[in-house]
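For reference, the chains in residue letters:
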Amino acid sequence: MLEKLPIATILKLSILVFFFFLIVLQTLSFPGQFRYMAEVNPTDAPLRWPLTVLFFLWFLALEFVLVCIWKLVSKAENGTFFTSETVPILTIIIRIIAIVWVSFFAWLIVIFVNADDPGFPLVNLVFFVFITLAGLSVVEFRKIMRVW
């Protein structure tokens, strides 16, 4: 059955499912986790709302990137991908990734300064490298599109 569906349709369905899970994480899972952490360890209670806001904004940024990717997939599907309208969408993605990169870098510094176990900082470092690679890839792709 999957071989009859175009790749763009499969990609759009995957984006839609991922978007739904992000909304669930953004509105239910992470705020509930931070509330639970504040109840279990009252010394961490002052971190509840700052962490909730930070993670909410990170998820929101990822959702905006997914909307931009949806637009790019639609352009590819319509055969209008290699037009001047693609570059502004890539620029939006780059700006969002840059904002997330800066905030995640600050997060990483706080994590490394306060860490007593190397596992959590290492996982966060992997996410930081992924964000960096994604941003650099989109910058390079935008450069290619401008030449095209």
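Our subject is the structure listed above.
Everything quoted here is computed from the prediction, not taken from an experiment.

About the thresholds
- Residues numbered from 1 in each chain as written.
- Predicted model: local features only at pLDDT ≥ 70, side-chain atom pairs only at ≥ 80, totals over all residues.
- Heavy atoms only, no water.
- Helix = DSSP H or I, 4+ residues; strand = E, 2+ residues; numbered from the N terminus.
- Expected span 1.5 Å × (residues − 1).
- Buried < 20%, exposed > 50% of the residue type's maximum accessible area, 1.4 Å probe, protein only.
- Contact = heavy atoms within 4.5 Å.
- 1 Å grid on protein atoms, 1.4 Å probe; cavity = no way out; pocket = protein on both sides within 12 Å on 5 of 7 lines; lining within 4 Å.
- Points joined across faces, edges and corners; volume = space filled by probe spheres on them.
- Nonpolar A, V, L, I, M, F, W, Y, C, P; charged D, E, K, R; others polar.
- Phe/Tyr/Trp six-rings, centres within 6.5 Å; stacked < 30°, edge-to-face > 60°.

Novice: How should helix α4 (residues 119-147) be read in this particular structure?
Specialist: The periodicity of an α-helix, 3.6 residues per turn, causes residues three or four places apart in sequence to face the same way. For α4, spanning 29 residues, the distance from its first C-alpha to its last is 43 Å, which sits close to the expected 42 Å at 1.5 Å a residue. Considered for burial, the residues of α4 that qualify are Pro121, Asn124, Phe128, Ile131, Gly135, Val138, Arg142 and Met145. Its buried side turned inward, α4 meets α3 (86-114).

Novice: So what exactly am I meant to see when it comes to the environment of Phe120 here?
Specialist: Here Phe120 is to be found in helix α4. Residue contacts for Phe120: discarding those within four places in its chain leaves Trp107 and Ile111.

Novice: Would you mind going over the layout of surface pockets with me for this structure?
Specialist: Empty space among the atoms becomes visible once a probe the size of a water molecule is rolled across them. Approximately 1,300 Å³ is the volume found for the largest pocket. Around the largest pocket, the lining comprises 38 residues; the ones closest to its centre are Phe55, Trp58, Phe104, Asn124 and Phe127. Of all the elements in the fold, those that place two or more residues in the lining of the largest pocket are α1 (7-40), α2 (48-78), α3 and α4. It is α2 that provides the largest number of residues to the lining of the largest pocket, a total of eleven residues. Grouping the constituent residues of the lining of the largest pocket by class yields 33 nonpolar, two polar and three charged.

Novice: Just checking my understanding: could you explain the packing of aromatic side chains for this structure?
Specialist: Pairs of aromatic rings are described using the distance from one ring centre to the other and the angle between the two planes. This structure, assessed with the given rule, holds 15 aromatic pairs. Seen from their ring centres, Trp58 and Trp107 are 5.7 Å apart, and the 85° between their planes marks the pair as edge-to-face. Here Trp107 lies in helix α3 and Trp58 lies in helix α2, a separation of 49 residues in the sequence. Like Trp58, the residue Trp107 is buried in the burial classification. Among the aromatic residues, those joined into a cluster by ring pairs are Phe30, Phe34, Phe55, Trp58, Phe59, Trp101, Phe104, Phe105, Trp107 and Phe128.

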